[in-house]
Amino acid sequence: MVKKMEPTPSLCIRGVSIFQGLLDSAAQMEMVAALREVARMAPFFRPVTSRGQSMSVRMTSAGQVGWVSDRRGYRYEPRHPEGSNWPPIPESVLAVWSQVVPNARMPDSCLVNFYDADARMGMHQDRDEADLEQPVVSISLGDDALFRIGNLTRGGKTESVWLKSGDVLVIGGAARLVYHGIDRIRAGSSKLLPDGGRINLTLRVAR
Ligand code: SIN
Ligand code: MN
């Protein structure tokens, strides 16, 4: 198979490629409109961990499977907790995947995380997917977020970068299992979402 040209990221930290400002404001607004439709069909919910702790982000998904966490643990599920199928991944979101990882399989899951001013995401690996050769693509919309990148094992030195609305990350190759998390949100730093906050889309080939 002939390999397609991969675009050059503006920044690379510990093997994580960052395409800063890949989406202009018109593209961001179009994506938010499509996500409103996703949230209408699959409302945001606040997941709990298997220990019963509420996560600070609210979540929903699009695609054939969605990532969920509840008292039974976390896993990919073909249906929203309320029972309906997840809506399809918006075309504009799939187009970003094709642009930044043109040689990968198409994603079957798009996690939509909503962060209010106080939400965070602890350090973790994305490792619930069947084929870890396939990359993870993450899209940031709305308020700035301080993204921390660690190592392939828990602990050790880390590096942080502020992600802005329209930035796109690729976590793949040797960095596919790198620990990462969100330390904090800079409230009011973007006007994209009328009520503030941040949306992160995580696209994955889950199955
Ligand atoms: C995640 O890794 O689950 C979310 C990352 C982000 O919000 O940028
Ligand atoms: Mn993650």
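Every value quoted in this text rests on a predicted model; they were computed, and no experiment measured them.

## Some thoughts on the packing of aromatic side chains
This structure, assessed with the given rule, holds 2 aromatic pairs. Plain terms: the ring middles of Phe44 and Phe114 are 6.3 Å apart, the flat faces sit at 65° to each other, and that makes the pair edge-to-face. A residue pair is termed long-range when its members are at least 10 positions apart, and Phe44 in the loop between helix 1 (25-41) and strand 3 (58-63) and Phe114 in strand 6 (residues 109-115) qualify at 70 residues. Overall, Phe114 belongs to the buried group, its relative accessible area being 16%. Measuring from centroid to centroid gives 5.7 Å for Trp67 and Tyr74, while their planes differ by 25°, and the two rings are stacked. By relative accessible area, Trp67 is classed as buried at 13%. Of the residues examined, Tyr74 reaches a relative accessible area of 53% and is grouped as exposed. For Arg186, the ring lying beneath its charged end belongs to Trp162, and the centroid distance is 3.9 Å.

## What to know about the sheet that holds strand 6
Across the sheet, 7 strands lie side by side as 1-2-11-8-13-6-3; this open sheet has antiparallel pairing. Single-partner strands in this sheet number two, and they are strand 1 (11-13) and strand 3. Between one strand and the next, the sheet's axes are offset by a mean angle of 20°, whatever the strand orientation.

## Considerations on the site of ligand 1
In the neighbourhood of ligand 1, the contacting residues comprise Asn113, Tyr115, Met121, His124, His180, Ile182, Arg198 and Asn200. Side-chain polar atom of His124 to an oxygen atom of ligand 1: 3.1 Å apart, as the coordinates give it. Asn200 has a polar side-chain atom sitting 3.2 Å from an oxygen atom of ligand 1. Considered on its own, ligand 1 offers 260 Å² of accessible surface; in the complex 96% of this is hidden by protein. Taken atom by atom, the bulk of ligand 1 overlaps the largest pocket. Put simply, the parts of the chain that give the shell around ligand 1 at least two residues each are strand 6, strand 7 (121-124), strand 12 (180-186) and strand 13 (198-204). Along the lines of polarity and charge, the residues of the shell around ligand 1 split into 3 nonpolar, 4 polar and 1 charged.

## Focus on the side chain of Asn200
Of note, Asn200 is situated in strand 13. Judged by its relative accessible area of 7%, Asn200 is buried. A polar contact is formed between the side chain of Asn200 and the side chain of Ser138, at a distance of 3.0 Å. A polar side-chain atom of Asn200 sits 2.9 Å from a polar atom in the side chain of Thr202. Not counting residues within four places of it along the chain, the set of residues in contact with Asn200 comprises Leu111, Val112, Asn113, Tyr115, Ser138, Ile139 and Ser140.

## Regarding the coordination of the manganese ion (ligand 2)
Binding of the manganese ion (ligand 2) to the protein goes through His124 (NE2), Asp126 (OD) and His180 (NE2), at separations of 2.2 Å. In the primary structure, the donors to the manganese ion (ligand 2) are separated according to the pattern H-x1-D-x53-H. Here Asp126 is found in the loop between strand 7 and strand 8 (136-142), whereas its partner His180 is found in strand 12, with 54 residues between them in sequence. Exposure remark for His180: the relative accessible area of 8% places this residue in the buried category.

Rules used in this analysis
Residues numbered from 1 in each chain as written. Chains lettered and ligands numbered in written order. Predicted model: local features only at pLDDT ≥ 70, side-chain atom pairs only at ≥ 80, totals over all residues. Heavy atoms only, no water. Phe/Tyr/Trp six-rings, centres within 6.5 Å; stacked < 30°, edge-to-face > 60°. Helix = DSSP H or I, 4+ residues; strand = E, 2+ residues; numbered from the N terminus. Buried < 20%, exposed > 50% of the residue type's maximum accessible area, 1.4 Å probe, protein only. Lys NZ or Arg CZ within 6 Å of the ring centre and 35° of its normal. Pairing = 2+ DSSP bridges. Axes fitted to C-alpha atoms, helices over the stretch in contact; angles between N-to-C directions. Near = heavy atom within 4 Å. Polar contact = N/O pair within 3.5 Å; in protein donor to acceptor, adjacent residues only side chain to side chain. Areas by Shrake-Rupley, 256 points an atom, 1.4 Å probe, with all protein chains shown as cover. 1 Å grid on protein atoms, 1.4 Å probe; cavity = no way out; pocket = protein on both sides within 12 Å on 5 of 7 lines; lining within 4 Å. Sits in = over half its atoms within 2 Å of the grid points. Nonpolar A, V, L, I, M, F, W, Y, C, P; charged D, E, K, R; others polar. Contact = heavy atoms within 4.5 Å. Donors = N, O, S within 2.8 Å, 3.2 Å for Na, K, Ca; no water.

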